[in-house]
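# What the coordinates show
Here is how the chains run, residue by residue.
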Amino acid sequence: MQHKDPQPELVIQAPAKINLGLEILRRRADGYHDINTVFAAVGIFDEITLHRRADGLITCRVEGDPELEAGEDNLCVRAARALQAASADDSHGLDITLLKRIPMGAGLGGGSSDAAAVLAGAARLWNLRPEQGLLLDIAAGLGSDVPFFLRGGLAQAASRGEILAPVDLEFPYGVLLVNPGIHVPTPWAYRAVGRTGERPATDLVRHLRDAADDAGLLREHITNDFEAAVFAEHPVLPELKRRLYDAGAVLALMSGSGSTMFGLFSTVQAAEQAVPCFSEYWTCATGFIQ
Ligand code: C5P
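A few points on the structure. (Residues numbered from 1 in each chain as written. Predicted model: local features only at pLDDT ≥ 70, side-chain atom pairs only at ≥ 80, totals over all residues. Heavy atoms only, no water.)

### Here we look at empty space enclosed by the protein
- Scanning the entire structure with this criterion turns up one cavity of 30 Å³ or more.
- Space inside the largest cavity adds up to approximately 40 Å³.
- A40, A41, G153, L154, L169, F171, F288, I289 and Q290 are the residues that line the largest cavity.
- Of the residues belonging to the lining of the largest cavity, the class tally is seven nonpolar, two polar and no charged. (1 Å grid on protein atoms, 1.4 Å probe; cavity = no way out; pocket = protein on both sides within 12 Å on 5 of 7 lines; lining within 4 Å. Points joined across faces, edges and corners; volume = space filled by probe spheres on them. Nonpolar A, V, L, I, M, F, W, Y, C, P; charged D, E, K, R; others polar.)

Written as structure tokens, this is what we have:
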């Protein structure tokens, strides 16, 4: 039997991501940069509750972070509005409740993940069956990292981050996220890197695959081009990198344009054991999610 009235409410767990390598290849004429990165979803989540309305209104309430505004600039609201416009039915409305757990401005993609969750969730609640291509286009219009979160898992990204190829790889490590509470604006970080000319792209996926036999390959080949410029501005970050290695990380790297540093440990339990080494900062020991 078909449901005439699909369920009115959805609760979605929107994961964070880290970048297993991030190379800034070139600056483009449109002001963006072509990048080469591997996005990996990790097990810390914002919680998004969506309730369908039939009066076309879109409302938003934020819990857990007093700094995040719930107005029209909120990326969740912009996602809902973009899908509403594409559906050409202005009776579609939504109450959004966003419980923030992922630190913001932290290189973990929390806002992008929230936006992707609203797109996917609203499409279900409004009983739309958009082509995956349409959803991806709307996502890319909201932000370079948003398309990744429509699929999650592990994916290699090109162009400005929106061209994705899934990566079929068991990545067995535990992850420790350490965030010192510094907000790094992404446009500033790209400017600070000041890429002129081109740098070649590395085969990140091959190195991640080979690292199953030789973890040392991670340190050699999985790097983040933002680190030098962002580290120069925020000396606590290279200190955290050193401390992650001291605590036993196989690889310690910055995620995205920062400021979250992450360590890969042999197991989630090993990552948990390193948490007390960073008691003055926000931390989260977790794993990769498929
Ligand atoms: O796509 P998103 O809105 O997240 O990008 C924010 C800003 O970061 C862009 O306006 C641009 O300055 C910079 N950016 C970039 N190259 C990318 C992604 C973002 O230069 N690949």
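### Quick word on the sheet that holds strand β7 (residues 174-179)
- Taking strand neighbours across the sheet as the criterion, the four strands line up as β8-β9-β7-β10 in an open arrangement whose pairing is antiparallel. For this open sheet the edge positions go to β8 (251-254) and β10 (282-287), each flanked by a neighbour on one side alone. Ignoring strand direction, the axes of neighbouring strands in this sheet form an average angle of 20°.
- As judged from the five bridges shared by β7 and strand β9 (residues 261-265), these two strands associate in the antiparallel manner. Pairing of V178 across the sheet is with M261, part of β9.
- Against the sheet, helix α9 (residues 236-246) engages β7, β8 and β9, with an angle of about 10° to β9. (Pairing = 2+ DSSP bridges. Helix = DSSP H or I, 4+ residues; strand = E, 2+ residues; numbered from the N terminus. Axes fitted to C-alpha atoms, helices over the stretch in contact; angles between N-to-C directions. Contact = heavy atoms within 4.5 Å.)

### Looking at the site of the ligand
- The ligand sits among G31, Y32, H33, G143, S144, R160, T186, P187 and Y190.
- One of the side-chain nitrogen or oxygen atoms of H33 is found 2.7 Å away from an oxygen atom of the ligand.
- Within the side chain of S144, an N or O atom sits 2.5 Å from an oxygen atom of the ligand.
- Contact with the protein chains removes 71% of the 450 Å² of surface that the ligand exposes when unbound.
- In terms of residue count, helix α5 (residues 186-193) provides more of the shell around the ligand than any other element does, three residues in total. (Near = heavy atom within 4 Å. Polar contact = N/O pair within 3.5 Å; in protein donor to acceptor, adjacent residues only side chain to side chain. Areas by Shrake-Rupley, 256 points an atom, 1.4 Å probe, with all protein chains shown as cover.)

### Overview of the nonpolar core
- Ranked by size, the top nonpolar core spans 39 residues in total, and within it L94, I96, V118 and L119 carry the most contacts.
- Looking at which element gives the most residues to this core, the answer is helix α2 (residues 110-125), with eight residues.
- What L119 contacts, discounting residues up to four positions off in sequence, is A79, L83, L135, I138, A139, L142 and L150.
- Counting residues in each nonpolar core, the second largest holds 30 residues, with I102, L169, V175 and V250 among its members. (Core = buried A, V, L, I, M, F, W, Y, C linked by side-chain atoms within 4.5 Å. Buried < 20%, exposed > 50% of the residue type's maximum accessible area, 1.4 Å probe, protein only.)

### Quick look at the pattern of salt bridges
- Tallied over the entire structure, the rule returns 19 salt bridges.
- In this structure, D203 and R206 form a salt bridge, with 3.9 Å as the shortest nitrogen-oxygen distance.
- Across the pair R243 and E239 runs a salt bridge, and its minimum N-O distance is 3.1 Å. One end of the pair, R243, and the other, E239, are both in helix α9, four residues apart, so they sit about a helical turn from each other.
- Residue R243 is classed as buried on the basis of its relative accessible area of 17%.
- Given the relative accessible area of 32%, E239 is considered partly exposed.
- Several salt bridges share partner residues, and in doing so they unite R26, R28, D30, D34 and E198 into one network. (Salt bridge = Lys/Arg side-chain N within 4 Å of Asp/Glu carboxyl O.)

### Notes on α2
- Along its 16 residues, α2 runs 22 Å from first to last C-alpha, staying within 8% of the 22 Å computed at 1.5 Å per residue.
- Counting buried residues in α2 gives 13 out of 16 residues, a clear majority hidden from the surface.
- A positive backbone phi angle near 60° is found at N127, which sits one or two residues after α2. (Expected span 1.5 Å × (residues − 1).)

### Quick word on the packing of helix α1 (residues 75-87) against helix α3 (residues 132-142)
- Their axes nearest at 10 Å, the elements α1 and α3 cross at an angle of 140°. The pairing of α1 with α3 is recorded here as oblique in orientation. The two elements α1 and α3 cross, and the hand of that crossing is right-handed. Within the contact between the two elements, α1 uses L75, R78, A79, A82, L83 and A86 and α3 uses L134, L135, I138 and L142.
- When its residues are assigned to classes, the contact of α1 with α3 shows nine nonpolar, no polar and one charged. (Parallel < 35°, antiparallel > 145°, perpendicular 65-115°, else oblique. Left-handed = near helix turned anticlockwise from the far one by under 90°.)

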